[in-house]
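Topology and contacts: notes
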Amino acid sequence: MVKFSQALTIAAALPFLVNSFAPNTSSSKTLTQHGINHGLVSSSKLITNQLSTTSLNSLTTTELPEKLYFPKEKEIPKVLGGLQIGLRKLTIVTGASSGLGLNAAATLAKTGRHFVVMAVRDVEKGKRVAKEQGFPDGSYTVMKLELANLQSVRDFVANLKAFKSARPVNNLICNAAVYKPTDPEPAWTDDGFEMSMGVNHLGHFLLVNLLLDDMKKAKSARVCIVGSITGNTNTVGGGLVYPQADLGDLKGLESGMRNPIAMADGKPFFGAKAYKDSKVCNMMTVSELHRRYHEQTGIVFSSMYPGCIAETALFREKRPWFRKAFPWFMKYVTGGYVGEQEAGERLAQVIDDVNCVKSNVYWSWNGGAKSVGRWSQDGKPRGAGGSGGEIFENEQSDAVKNPEVARRVWESSVAAVGLTDKELLKV
């Protein structure tokens with residue numbers, strides 16, 4: 001139970017939190033004039049000639065091009081990767097060019113025990129930040145992966161197999177995420193899925209399934225799909241901060257989840273809720289992967305909450321005042337704040353620590369954010385999932401643990417991404 005003083009703190013903060021997730025209606029005019037399917041950026045010829053891959057990462061939703069990946073952008077497969085990998089574990093990290101993914105990849109590479117595949121949208125950026133972050137030479141490679149395009153996911157898997165040859169994949173970290181809480185209208189992936197659900201859940205869902213047959217050949221393989229307290233209603237961030245994650249009757253997902261269907265429950269688009277719903281699907285996917293495949297393959301499936309990385313690029317879509325105030329709020333009011341480096345170390349721990357070999361676990365640190373933090377002598381609240389503390393097995397909400405809904409999410413996701421019987425792992 002949250003104590004009375006803690007409840008007062010939360011109540012005082014609710015206007016801040018609710019307003020921060022409200023759609024930014026002031027941008028609707030910009031969307032109409034320069035949106036995904038209309039206006040100045042709708043010409044694929046214009047995009048091809050004038051927009052580099054690197055520049056796409058700095059675009060806002062209202063400026064995104066009509067298509068994010070073209071077949072001609074497929075990389076030439078790298079070869080002879082087995083010689084580079086050596087005796088190290090082969091570990092894939094999606095979204096490894098910034099924030100949580102970059103810091104986790106760097107931590108793993110620097111152990112000397114992992115050869116890291118940085119699976120990123122922008123290959124040149126990935127190469128640059130790896131050098132800036134001090135990745136040891138020969139400890140990594142950078143490969144193209146655009147999760148907003150299912151063909152790109154398939155191309156990545158084909159290139160990965162060509163690179164590694166007979167070496168199995170040991171570890172997969174599904175970290176990349178899109179968060180667009182203030183957009184009044186949805187953005188769409190190349191396949192017509194709402195962007196948050198398409199990238200965070202469906203792109204990763206396809207990726208995991210295409211790699212399972214390979215990973216079962218590795219000893220003690222691990223898959224970690226990054227979760228979030230925002231998808232768990234038994235936490236402060238998920239239960240008290242509007243809107244709550246709610247997949248409803250799955251009307252949208254079971255109807256194919258393609259444009260114009262923007263929400264898993266089939267209701268009108270709400271950007272903050274779309275992200276939370278995608279995280280529920282992520283965590284349910286872990287449970288289903290464990291139920292279907294752990295016993296027969298030995299693969300360890302887990303999720304984790306790294307703490308609130310309040311200064312991450314994930315919040316780049318938020319208003320400027322929010323990006324300035326939010327880190328302070330999480331440090332000194334809720335106690336949920338954690339820096340990018342420490343968060344990356346936490347994610348790496350789930351993959352590298354010999355104590356993290358239990359499957360179907362939702363890992364957390366320092367209280368798991370089920371209440372606001374407790375006062376400590378350094379003036380920073382402790383015990384709310386923020387900096388410090390030891391790793392532990394956290395408890396997910398009843399909604400996330402619902403086995404029947406998880407089964408339906410799985411089956412709908414298989415249909416949505418076009419997985420065939422041949423592609424699904426047989427055990």
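My aim in this report is to walk through the structure given alongside it, one point at a time. Remember, it's a predicted structure, so these values are computed and weren't measured experimentally.

Conventions adopted
- Residues numbered from 1 in each chain as written.
- Predicted model: local features only at pLDDT ≥ 70, side-chain atom pairs only at ≥ 80, totals over all residues.
- Heavy atoms only, no water.
- Helix = DSSP H or I, 4+ residues; strand = E, 2+ residues; numbered from the N terminus.
- Buried < 20%, exposed > 50% of the residue type's maximum accessible area, 1.4 Å probe, protein only.
- Polar contact = N/O pair within 3.5 Å; in protein donor to acceptor, adjacent residues only side chain to side chain.
- Contact = heavy atoms within 4.5 Å.
- Disulfide = S-S within 2.5 Å.
- Axes fitted to C-alpha atoms, helices over the stretch in contact; angles between N-to-C directions.
- Parallel < 35°, antiparallel > 145°, perpendicular 65-115°, else oblique.
- Left-handed = near helix turned anticlockwise from the far one by under 90°.
- Right-handed = clockwise from strand over helix to strand, strands pointing away.
- Pairing = 2+ DSSP bridges.

For Lys 273, the location among the structural elements is in helix α12 (residues 271-297). By relative accessible area, Lys 273 is classed as buried at 10%. A polar contact of 2.7 Å, which involves the side chain of Lys 273, links it to the backbone oxygen of Asp 246. Look past the residues within four positions of Lys 273 in its chain and what remains in contact with it is Pro 243, Gln 244, Asp 246, Met 263 and Asp 265.

This model, assessed by the stated rule, comprises zero disulfides. As a non-bridged cysteine, Cys 224 has Cys 174 as the owner of its nearest cysteine sulfur, 8.3 Å distant. According to the relative accessible area criterion, Cys 224 is buried, its value standing at 0%. Free cysteine Cys 356: the closest other cysteine sulfur is in Cys 224, separated by 9.2 Å.

Between helix α6 (residues 99-111) and helix α14 (residues 340-352), the least distance of the axes is 7 Å, while the angle of their chain directions is 55°. When the interaxial angle is binned, α6 and α14 end up oblique. Like other packed secondary-structure pairs, α6 and α14 cross with a definite hand, here right-handed. Contacts between α6 and α14 pair Gly 99, Leu 100, Asn 103, Ala 104, Thr 107, Leu 108 and Thr 111 from the former with Glu 340, Gln 341, Ala 343, Gly 344, Glu 345, Leu 347, Ala 348, Ile 351 and Asp 352 from the latter.

Moving on: the pairing of strand β5 (residues 222-226). Counting buried positions along β5 yields five of five residues, so the element is predominantly enclosed. Going residue by residue along β5, you find Arg 222, Cys 224 and Val 226 tucked away on one face and Val 223 and Ile 225 tucked away on the opposite face as well. Handedness of the crossover joining strand β4 (residues 171-174) and β5 through helix α9 (residues 195-215) is recorded here as right-handed. As paired elements, β5 and strand β6 (residues 300-304) share five bridges and run parallel to each other.

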